[in-house]
Structures are given as structure tokens and as C-alpha cells.
Amino acid sequence: MLEMVEYAKAWVDAHVSEKGQGMVEYALIIAFVVAIAVYLSSGDSSLGGAISSTFTSAANQLKK
């Protein structure tokens, strides 16, 4: 009986960690796609330009 409980616990632990790993992988893929989209749309009037100007402004404020 103890062996069955240990087997069941090991099975659950293995599947729970795989599910979490899959979610992290999907999050990294989405972040990568967003980063590429921002990079490709870099320009003064685009999202990339807005993000760049925001970081530049923040850096200038920190220098003061």
C-alpha cells in the first residue's frame, strides 16, 4: 500500500512540474514575440519609439 502512495505522489509531482514548465515556456515565447514586434516597429511615432523615449526620460531623471 505504501508503494502505491509513493508512486501516486511521484506521478502527481512529475505532472505538476511539467505543467508549470509549459506555462513558463509559453510566457517566454510570448515575451520574445512582443520584443521582436517592438523592435521591428521602432521609430519616432511607433510603440518602440515611445518605449525608447520613456527609458531615455527615466535615465535622464536618474542622472540629475
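Residues numbered from 1 in each chain as written. Predicted model: local features only at pLDDT ≥ 70, side-chain atom pairs only at ≥ 80, totals over all residues. Heavy atoms only, no water.

Our next topic: the overall build of the chain. Assigned secondary structure in the chain consists of two helices and zero strands. Per-residue burial for the chain yields a buried fraction of 8% across its 64 residues. Accessible surface, the chain as shown: approximately 5,800 Å² in total, 70% of it carbon and sulfur. (Helix = DSSP H or I, 4+ residues; strand = E, 2+ residues; numbered from the N terminus. Buried < 20%, exposed > 50% of the residue type's maximum accessible area, 1.4 Å probe, protein only. Areas by Shrake-Rupley, 256 points an atom, 1.4 Å probe, with all protein chains shown as cover.)

Right, let's get into a nonpolar patch on the surface. Among the surface-exposed residues, Tyr26, Ile29, Phe32, Val33, Ile36, Tyr39 and Leu40 lie close enough to one another that they form a single nonpolar patch of about 840 Å² accessible area. Checked against the element boundaries, Val33 lands in helix H1 (residues 2-40). For Val33, a relative accessible area of 49% translates into the label partly exposed. (Patch = residues over 30% accessible without salt bridge, like charges linked within 9 Å, V, L, I, M, F, W, Y side chains within 5 Å. Salt bridge = Lys/Arg side-chain N within 4 Å of Asp/Glu carboxyl O.)

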